[in-house]
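Survey of secondary and tertiary structure
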Amino acid sequence: MQIRTPKRYQGVQRRRVITWRLLFYLVGILLLVSVIAIYINRQVIRLVVEDTVLNAIHDLENQTATLAAPPPTPTIDYTNRMIEGDTYWRRGALNRALNIYMEIADSFPNIPELYRRIALGFINQNRPDDALMYAEQAINADPFSSDAWAIRAWSLDWSGRPGEAISSAQRALDLDQKNSRARAYLAEAYHSLGEIDRAEDLVKATLEENPDSAEAYRARGLIKWLSRFDLEGAKQDFETAYKMTDNMHFIAVNLASVEIALGNYDSAKDLLQAVLEVDPHNQLALDQLKYIY
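As a starting point, this report considers the structure included with it.

Focus: the overall build of the protein chain
Looking only at helices and strands, the protein chain has 15 helices and zero strands in total. Evaluated residue by residue, the protein chain yields a buried proportion of 40% over its 293 residues. Of all intrachain contacts in the protein chain linking residues separated by at least 6 positions in sequence, the fraction that spans at least 24 positions is 51%. About 18,500 Å² of surface is accessible on the protein chain, with carbon and sulfur atoms providing 55% of the total.

Laid out in structure tokens, this is it:
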């Protein structure tokens, strides 16, 4: 006899709505739709992908450059260098001032006074050709600067071209009739041409109008020394001029030359050694000191 065991109640069995086969078909349809969408929009997608890749490459290059780049070099403050040069200039260390001025000149192309000082520095070194070159640049910086034309006149006279110096000095006076520097340089050019009386009259008129013109005293000293043979008078004028501009060492060299002519060798040596203490490379002073020894 068989004993039937009652089956365990499992509830109502529900039929599955989504079968594996249906899921497979749905995924296939989605893939097909995606492929079609990609194909239709392939140009847009290509641009997006290219932009993304290029941006990634650019970011990578920037990171690499940042890692490999050397530390930035400090920027030179040319204004401070100008102040440093001016300090040396006032002290009479003209060679050091000249080096700084030449270093920064290209950074200040419109300042004629800078080029005038460079020209004056070269005159102090008895390098008139270099002085003339920078005097021309002073005029380029400002063609209406009377002082620029004046330093050009002086550079020409020192270069042995007094006729051209006269034209340049007259141009300076056309721009400023009261420019005592230009008048003194013009007087020196006349003196170089042998027009002694004319030079002397011009210097006299300049000092009457401006008794503080060191350039005029120096010009008068030259006339007394080289043409009137008044050594004591020349000495006094050179001393006056040098006191007014104690950084213009060529005047000290002129004074030392007169002291030598008067037989005052110790005074001449003292003058020249004082110049070399502040401006050790001053060629005019060195040459004169060698002459004394």
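Here's the deal with unusual backbone geometry
Of note, Asn126 is a non-glycine position whose phi angle comes to about 60°, a positive value. Among the structural elements, Asn126 can be located in the loop between helix H5 (112-124) and helix H6 (128-141).

Notes on the packing of helix H9 (residues 180-192) against helix H10 (residues 196-209)
At a minimum axis separation of 8 Å, H9 and H10 run at an interaxial angle of 165°. Taken as axis vectors, H9 and H10 run roughly antiparallel relative to one another. Crossing hand, H9 versus H10: left-handed. Along the contact surface, H9 presents Ser180, Arg183, Leu186, Ala187, Tyr190 and His191, while H10 presents Ile196, Arg198, Ala199, Leu202, Val203, Ala205, Thr206 and Glu209.

Side note on the side chain of Thr206
Topologically, Thr206 is positioned in helix H10. You can call Thr206 buried: its relative accessible area is 2%. Setting aside its immediate chain neighbours within four residues, Thr206 contacts Ser180, Arg183, Ser213 and Ala216.

Points about helix H7 (residues 146-158)
Here H7 is 13 residues long and its end C-alpha atoms lie 19 Å apart, about the 18 Å a rise of 1.5 Å per residue gives. The element H7 is extensively covered by neighbouring structure, given that 11 of its 13 residues are classed as buried. Those residues of H7 that sit buried are Ser146, Ala148, Trp149, Ala150, Ile151, Arg152, Ala153, Trp154, Ser155, Leu156 and Asp157. Elements that come into contact with the buried residues of H7 comprise H5, H6, helix H8 (162-175), H9, helix H11 (214-227) and helix H13 (249-261). Following H7 by one or two positions, Gly160 adopts a phi angle in the positive range, close to 80°.

Section: the packing of aromatic side chains
Under the defined criterion, the tally for this structure stands at eight aromatic pairs. With a centroid separation of 5.2 Å and an interplanar angle of 65°, the aromatic rings of Trp154 and Phe250 are classed as edge-to-face. Linking Trp154 in helix H7 with Phe250 in helix H13, this pair joins segments that are 96 residues apart in sequence. Overall, Trp154 belongs to the buried group, its relative accessible area being 2%. Arranged with centres 5.9 Å apart and planes meeting at 85°, the rings of Trp158 and Phe250 form a pair that is edge-to-face. Pair noted here: Trp158 is in helix H7 and Phe250 is in helix H13, with a separation of 92 residues, a long-range link.

Some points on the side chain of Arg152
Secondary-structure assignment places Arg152 in helix H7. Those residues in contact with Arg152, other than ones at most four positions away along the chain, are Leu132, Ala135, Glu136, Ile139 and Ser168.

With respect to the pattern of salt bridges
Under the defined criterion, the tally for this structure stands at 20 salt bridges. In this structure, the salt-bridge partner of Glu84 is Arg81, at a minimum N-O distance of 2.7 Å. Residue Glu84 and its partner Arg81 are both found in helix H3 (residues 78-91); the two are separated by three residues, about one turn of the helix. Among the residues examined, Arg81 registers a relative accessible area of 21% and is labelled partly exposed. Among the ionic pairs, Arg127 bridges to Asp130, the shortest N-O distance being 2.9 Å.

Brief notes about the environment of Glu200
Here Glu200 lies in helix H10. On the basis of relative accessible area, Glu200 is assigned to the partly exposed category, the value being 27%. Put simply, Glu200 and Tyr190 are 10 residues apart on the chain and 9.1 Å apart in space, counted from C-alpha to C-alpha. Residues in contact with Glu200, not counting those within four places in the same chain, are Ile223 and Arg228.

Details of helix H15 (residues 283-292)
For H15, every residue scored as buried is listed here: Leu284, Ala285, Gln288, Leu289 and Ile292. An end-on view of H15 places all buried positions within 125° of arc, on one side of the element. Turned more than 90 degrees off the buried face of H15, the exposed positions are Lys290 and Tyr291. Put simply, Asn282 is the residue that caps the front of H15, since its side-chain oxygen is 3.2 Å from the backbone nitrogen of Leu284.

Details of the packing of helix H12 (residues 231-244) against H13
Close contact between H12 and H13 brings their axes to 9 Å; oriented N to C, the two are set at 155°. By the angle between their axes, H12 is roughly antiparallel relative to H13. Crossing geometry of H12 relative to H13 is assigned as left-handed. Here H12 contributes Leu231, Ala234, Lys235, Phe238, Glu239, Ala241 and Tyr242 to the contact with H13, which in turn contributes His249, Ile251, Ala252, Asn254, Leu255, Val258, Glu259 and Ala261. Tallied by class, the residues present in the contact of H12 with H13 amount to 10 nonpolar, two polar and three charged.

Reading guide: rules and limits
Residues numbered from 1 in each chain as written. Predicted model: local features only at pLDDT ≥ 70, side-chain atom pairs only at ≥ 80, totals over all residues. Heavy atoms only, no water. Helix = DSSP H or I, 4+ residues; strand = E, 2+ residues; numbered from the N terminus. Buried < 20%, exposed > 50% of the residue type's maximum accessible area, 1.4 Å probe, protein only. Contact = heavy atoms within 4.5 Å. Areas by Shrake-Rupley, 256 points an atom, 1.4 Å probe, with all protein chains shown as cover. Axes fitted to C-alpha atoms, helices over the stretch in contact; angles between N-to-C directions. Parallel < 35°, antiparallel > 145°, perpendicular 65-115°, else oblique. Left-handed = near helix turned anticlockwise from the far one by under 90°. Expected span 1.5 Å × (residues − 1). Phe/Tyr/Trp six-rings, centres within 6.5 Å; stacked < 30°, edge-to-face > 60°. Salt bridge = Lys/Arg side-chain N within 4 Å of Asp/Glu carboxyl O. Arc of directions from axis to C-beta. Polar contact = N/O pair within 3.5 Å; in protein donor to acceptor, adjacent residues only side chain to side chain. Nonpolar A, V, L, I, M, F, W, Y, C, P; charged D, E, K, R; others polar.

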